[in-house]
Amino acid sequence: MAVPAPDLLALGVEVAKHRRALGCSIDYLAEAAGVHRKTIIQIEAGRVSARVGTLHAIAHALNVPLAQLLDPLCRQHEGSLS
């Protein structure tokens, strides 16, 4: 069985949603997560598949569990493991 590709845009939308809810800029999030601002821009635009460590750092900077950021991707595949 082929593994479906993750919806990177859904992940990016989730990151942007949490960043805006905190009222922080891309620059602030990048600094807090220890990544380059271009990385945040690319993730939010759904253009890159970020490493787990990067996503973990972003989740920590946003003060949300990593699972919460990944939830939109996981919901797309519910029931596909049976």
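Everything below is about the structure printed above this text.
Residues numbered from 1 in each chain as written. Predicted model: local features only at pLDDT ≥ 70, side-chain atom pairs only at ≥ 80, totals over all residues. Heavy atoms only, no water.

### A short note on the nonpolar core
Thinking step 1. Membership of the largest hydrophobic core comes to 16 residues, with the highest contact counts inside it found for Leu11, Val15, Leu29, Ile58, Leu62 and Leu69.
Thinking step 2. Of all the secondary-structure elements, those providing two or more residues to this core are α1 (8-22), α2 (26-33), α3 (37-44), α4 (52-62) and α5 (66-75).
Thinking step 3. Non-local contacts of Leu11, meaning those with residues more than four positions away in its chain, are made with Leu55, Leu69, Leu70 and Leu73. (Core = buried A, V, L, I, M, F, W, Y, C linked by side-chain atoms within 4.5 Å. Buried < 20%, exposed > 50% of the residue type's maximum accessible area, 1.4 Å probe, protein only. Helix = DSSP H or I, 4+ residues; strand = E, 2+ residues; numbered from the N terminus. Contact = heavy atoms within 4.5 Å.)

### Structural notes on the pattern of salt bridges
Thinking step 1. Evaluated as defined, the whole model comprises three salt bridges.
Thinking step 2. Close ionic contact of Arg19 with Glu44 constitutes a salt bridge, the shortest N to O distance being 2.6 Å. You can see Arg19 sitting in helix α1 and its partner Glu44 sitting in helix α3, a full 25 residues away along the chain.
Thinking step 3. Relative accessible area serves as the criterion here: at 12%, Glu44 is assigned to the buried category. (Salt bridge = Lys/Arg side-chain N within 4 Å of Asp/Glu carboxyl O.)

### Brief notes about α5
Thinking step 1. Restricting attention to buried positions, one finds in α5 the residues Leu69, Pro72 and Leu73. On an axial view of α5, the arc spanned by its buried residues comes to 100 degrees, and they lie on one face.
Thinking step 2. Along its buried surface, α5 packs onto α1 and α4. (Arc of directions from axis to C-beta.)

### Some remarks on unusual backbone geometry
Thinking step 1. For Asn63, which is not glycine, the phi dihedral falls at a positive 60 degrees.
Thinking step 2. In this fold, Asn63 is placed in the loop between α4 and α5.

### Some words on the environment of Ile40
Thinking step 1. With respect to the helices, strands and loops of the structure, Ile40 is situated in helix α3.
Thinking step 2. Given the relative accessible area of 0%, Ile40 is considered buried.
Thinking step 3. For the pair Ile40 and Ile58, spaced 18 residues apart in sequence, the C-alpha to C-alpha distance is 8.6 Å.
Thinking step 4. If we skip the residues at most four places from it in the chain, Ile40 touches Ile26, Leu29, Ala30, Val35 and Ile58.

Everything listed here is a matter of coordinates, which is why it stays silent on function.
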